[in-house]
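Results of the structural survey
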Amino acid sequence: MTTSSAPGKVYLFGEHAVVYGEPAVPCAIERRARVTAERRDDELLRVHADDLSLDGFTVEYSGSSESKPDVAVSESLIDAAMGYVDAAVEQAREAVAEERGEDVSEVGFDITIESDIPLGAGLGSSAAVTVAGIDAATRELGVELSPETVADRAFQAEYEVQSGEASRADTFCSAMGGAVRVEGDDCRRIEAPDLPIVVGFDGGAGDTGALVAGVRQLREEYDFAADTIEAIGDIVREGEQALAEGDIAELGRLMDFNHGLLEALGVSSRSLDRMVWAARDAGAEGAKLTGAGGGGCVVALDETDETSTALRFTPGCEEAFRAELDRDGVRVEQPPSDDRMEGA
Ligand SMILES: Nc1ncnc2c1ncn2[C@@H]1O[C@H](COP(=O)(O)OP(=O)(O)OP(=O)(O)O)[C@@H](O)[C@H]1O
Ligand SMILES: C[C@@](O)(CCO)CC(=O)[O-]
Ligand SMILES: [Mg+2]
């Protein structure tokens, strides 16, 4: 049995624009998805996901069409849930075949997923599950991949599941940890001071594919939308400098600007805007939505507790928490004890 974990992330700058080749700077945060993989004697995949509905559920199948959930949950929830796990296991099998020249296409796994990253909320839960899943399943078969290779394979998995609407940013950040800079295929870790990150969560989720498609359409229709995306790239380049200098006030100003442009591209929402304004009113250095938008999370910078307190009293905000920058990317964990694995 092998357990790996990988962190979620917030975007300081550059989501959406990164899909069109502009740079972006996501930062890993100390909220993780943990995936446990145990090799089976048959070719089945048995997936136990604790956090997908109130009670979680277990699905056993040999191909996604044969799903047999143990509780009544909608087909679409299962498909949505299994897409990333399936793709991660497939990438792990391919990686083992490549590293060892061994055909493991018929090897099955018991997979257990536990996560403290809300789903579809802009904190990169899909990337964290995919990264941790590839790492756990390859290690379970005796193959140790570099974090860079895990990142690359996790990107291929996300790219497939999201029908080509994915940049390398989320998966690279989750695999490497810390602050990263992604521009097309050029992915690197960058230096960053400890940042006073505060996250506000409206309890909702956005549809990443639909939001990316909406921006793509605007960009094709209007030159000024294409210019807006380029302007986000300019903000990211300024932001990198501010990050290198540890200039938190400047980072905040640029985050505010970045949020305005995302809002213009139609990916914010009333509750995200409300949380952004609550953070600014509370004295945050800056605030913006993070990830695909539509609903989910905002990220603000504030050394004091004022922003989290204000967010907790903001209508529509369900949860507010401080998030430390996580300098660790994907890593091996102790497998959960037997009683926690029960039902898996
Ligand atoms: N705990 C979990 N267990 C199983 N699957 C999960 C879990 N967390 C996330 N996933 C998978 O990731 C999907 C959500 O990914 P999506 O890309 O829509 O949102 P996100 O990654 O949280 O946000 P963003 O991409 O905007 O940062 C879920 O539908 C599910 O397939
Ligand atoms: C909206 C987007 O830029 C970030 C989602 O977390 C999509 C992507 O980069 O794949
Ligand atoms: Mg995602």
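None of these values were measured; they are calculated from a predicted model.

Right, let's talk about the site of ligand 2 for a bit. Taken together, Lys-9, Tyr-11, Glu-15, His-16, Val-18, Val-19, Ala-166, Ser-167, Asp-170, Gly-291 and Ala-292 are the residues near ligand 2. A distance of 2.8 Å separates an oxygen atom of ligand 2 from a polar atom in the side chain of Asp-170. For ligand 2, the protein covers 96% of the area, taking 300 Å² as the surface of the free molecule. Residues belonging to the shell around ligand 2 are distributed by class as follows: 5 nonpolar, 3 polar and 3 charged.

Moving on, we get to the nonpolar core. Among the nonpolar cores identified, the biggest contains 100 residues, and Phe-13, Phe-109, Ile-111, Leu-195, Ile-197 and Leu-243 are the most heavily contacted of them. Both of domain 1 (2–190 + 336–341) and domain 2 (197–323) provide at least three residues apiece to this core. With residues near it in sequence (within four places) discarded, Phe-13 still touches Ala-24, Val-25, Ile-235, Val-236, Gly-239, Leu-251, Leu-254, Met-255, Asn-258 and Lys-288.

With numbering matched to this structure, UniProt assigns "domain: GHMP kinase N-terminal" (unreviewed entry) to residues 90–178. Between the first and last C-alpha atoms of residues 90–178 the distance is 27 Å; the span itself is 56% helix and 8% strand.

Regular strands place their side chains on alternate faces of the sheet. Here strand β10 (residues 286–289) shows no split at all, with Gly-286 and Lys-288 on one side and Ala-287 and Leu-289 on the other all buried. Where β10 meets strand β11 (residues 297–301), 4 bridges bridge the pair, whose relative direction is antiparallel. Its bridge partner lying in β11, Gly-286 is registered against Leu-301.

So, on to the domain arrangement of the protein. Interface extent is often summarised as the accessible area lost during association of the parts. Its domain assignment divides the protein into domain 1 (2–190 + 336–341) and domain 2 (197–323). Listed by partner, the interface residues are 28 residues for domain 1 and 41 residues for domain 2. Each partner contributes to the roughly 2,700 Å² buried at the junction of domain 1 and domain 2, and carbon and sulfur atoms together form 67% of this total. A per-residue breakdown of the area domain 1 buries against domain 2 is headed by Phe-13, His-16 and Tyr-20, which together make up 28% of the total.

The final tally for this structure, using the stated rule, is 25 salt bridges. Here Lys-9 makes a salt bridge to Asp-170, at a shortest N to O gap of 2.8 Å. Placement of Lys-9 in strand β1 (residues 2–13) and of Asp-170 in helix α4 (residues 169–176) is noted, with a sequence separation of 161 residues between them. Residue classification places Lys-9 among the buried residues on the basis of a relative accessible area of 2%. Overall, Asp-170 belongs to the buried group, its relative accessible area being 15%. Between Arg-31 and Glu-319 there is a salt bridge, with its nearest N and O atoms 3.4 Å apart. A residue pair is termed long-range when its members are at least 10 positions apart, and Arg-31 in strand β2 (residues 25–39) and Glu-319 in strand β12 (residues 319–323) qualify at 288 residues. Overlapping salt bridges, with partners in common, bring together Glu-22, Asp-234 and Arg-237 in one network.

Here, UniProt's "active site" (unreviewed entry) annotation points to Asp-170. Setting aside residues no more than four positions away along its own chain, Asp-170 makes contact with Lys-9, Tyr-11, Gly-124, Ala-127 and Glu-158.

Here we take up unusual backbone geometry. Glycine aside, residues mostly have negative phi, and peptide bonds are mostly found in the trans state. For His-16, which is not a glycine, the phi torsion comes out positive at approximately 65 degrees. Following the sequence through the fold, His-16 ends up in the loop between β1 and β2. By relative accessible area, which is 5% here, His-16 ends up buried.

Further remarks concern the environment of Met-1. Looking at the element boundaries, Met-1 is found in the segment before β1. For Met-1, a relative accessible area of 39% translates into the label partly exposed. The spacing of Met-1 and Ala-151 is 150 residues in sequence and 22 Å in space, taken between C-alpha atoms.

Thresholds, definitions, all that
Residues numbered from 1 in each chain as written. Chains lettered and ligands numbered in written order. Predicted model: local features only at pLDDT ≥ 70, side-chain atom pairs only at ≥ 80, totals over all residues. Heavy atoms only, no water. Near = heavy atom within 4 Å. Polar contact = N/O pair within 3.5 Å; in protein donor to acceptor, adjacent residues only side chain to side chain. Areas by Shrake-Rupley, 256 points an atom, 1.4 Å probe, with all protein chains shown as cover. Nonpolar A, V, L, I, M, F, W, Y, C, P; charged D, E, K, R; others polar. Core = buried A, V, L, I, M, F, W, Y, C linked by side-chain atoms within 4.5 Å. Buried < 20%, exposed > 50% of the residue type's maximum accessible area, 1.4 Å probe, protein only. Domains from an automatic or database assignment. Contact = heavy atoms within 4.5 Å. UniProt positions renumbered as here; feature names shortened; annotations may be inferred. Helix = DSSP H or I, 4+ residues; strand = E, 2+ residues; numbered from the N terminus. Pairing = 2+ DSSP bridges. Buried area = accessible area lost by both parts, 1.4 Å probe. Salt bridge = Lys/Arg side-chain N within 4 Å of Asp/Glu carboxyl O.

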